[in-house]
Amino acid sequence: PLYKATGAKRVEYVQIGLDPEDLGDGPEWEPPFRVPDVVFCGGYYGHVEEFAEGTKERISTIRRLTSEGVDIGVVGSGWPSDITVVGTCTTKQSHHVYKRAKVALAINHFNDIERYYSDRLLIAMASGTPTVARYVPGLEQEFLHREHCLMWETQDEMAFLGICPVCKE
């Protein structure tokens with residue numbers, strides 16, 4: 001609406017952009033930790049009420065994959081003690097983490113906003129690593145399922161996408 005009010009009448013939605021560093025341009029950075037097969041980069045925001053639903057989904061997804069024996073780890077801080085945290089990095093370093101994993105996991109804090117996704121998804125896809133993304137309404141208008149990223153709506157779909165075709169290659 002703000003763009004339309006300024007005269008850009010054809011704007012539907014303007015998504016977050018990427019900086020060159022998000023694409024791996026700039027100095028190479030080597031993670032000082034072992035990168036697991038499946039990686040989720042992001043901090044824990046369980047203390048922020050507005051992020052509660054997304055945080056619950058992130059935790060339950062990571063716990064589900066862990067319980068199924070998937071080598072999954074989080075790169076971030078503040079997570080509950082039963083979540084495997086392998087290290088930390090800045091947003092600008094996450095590209096270097098993703099490209100060393102077999103699968104990048106992307107789950108937004110808000111998964112019910114039409115065509116919304118964070119820079120985390122774009123950075124993961126730009127790394128060249130197969131990206132398994134929690135579906136949000138309209139995501140198929142931005143990306144092609146199985147070409148740009150693998151989209152899932154239920155944890156059963158996610159577990160299949162994350163374990164079968166990608167991790168067990």
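Not measured: the values here are computed from a predicted model.

Trainee: It is not clear to me how the nonpolar core should be interpreted in this structure. Could you clarify?
Mentor: Soluble globular proteins tend to pack their nonpolar side chains together in the buried interior. Within the largest apolar cluster, 17 residues are counted, with the highest numbers of intra-cluster contacts made by Phe40, Ile62, Ile72, Trp79, Leu105 and Val132. Listing elements by their share of this core, those giving two or more residues are β1 (38–41), α2 (52–67), β2 (72–75), β4 (103–106) and β6 (150–152). For this core, the element with the most residues is α2, which contributes three residues.

Trainee: Quick question: what am I supposed to make of the pattern of salt bridges here?
Mentor: Any two side chains of opposite charge can pair, on the condition that their charged atoms come close. Taken as a whole, this structure holds 10 salt bridges when the rule is applied. In this structure, Lys99 and Glu28 form a salt bridge, with 3.3 Å as the shortest nitrogen-oxygen distance. In this pair, Lys99 sits in the loop between α3 (94–98) and β4 while Glu28 sits in the loop between α1 (2–5) and β1, placing the two residues 71 residues apart along the sequence. Taking the relative accessible area as the measure of exposure, Lys99 reaches 36% and is therefore partly exposed. Here Lys56 makes a salt bridge to Glu53, at a shortest N to O gap of 3.4 Å. Here Lys56 pairs with Glu53, and both are found in helix α2, just three residues apart, close to one helical turn. Comparing Lys56 with Glu53 shows no difference in burial state: the two are exposed. Shared partners join several salt bridges into a network, and the residues in it are Glu28, Glu30, Lys99 and Arg100.

Trainee: Would you take a moment to explain the pairing of strand β5 (residues 131–134) for this structure?
Mentor: Each regular strand displays side chains that alternate between the two surfaces of the sheet. Here β5 shows a buried face lined by Thr131 and Ala133 and a second buried face lined by Val132 and Arg134. Taken together, the three bridges between β4 and β5 define a ladder with parallel strand orientation. Bridging across to β5, Leu105 finds its partner in Val132. The β-α-β motif built from β4, the intervening helix α4 (residues 119–126) and the parallel element β5 has right-handed crossover chirality. One ladder, built from three bridges, connects β5 with β6; its direction is parallel. Each residue of the ladder has a partner; that of Ala133, found in β6, is Met151.

Rules used in this analysis
- Residues numbered from 1 in each chain as written.
- Predicted model: local features only at pLDDT ≥ 70, side-chain atom pairs only at ≥ 80, totals over all residues.
- Heavy atoms only, no water.
- Core = buried A, V, L, I, M, F, W, Y, C linked by side-chain atoms within 4.5 Å.
- Buried < 20%, exposed > 50% of the residue type's maximum accessible area, 1.4 Å probe, protein only.
- Helix = DSSP H or I, 4+ residues; strand = E, 2+ residues; numbered from the N terminus.
- Salt bridge = Lys/Arg side-chain N within 4 Å of Asp/Glu carboxyl O.
- Pairing = 2+ DSSP bridges.
- Right-handed = clockwise from strand over helix to strand, strands pointing away.

The quantities given are spatial measurements derived from coordinates; they are silent on function.
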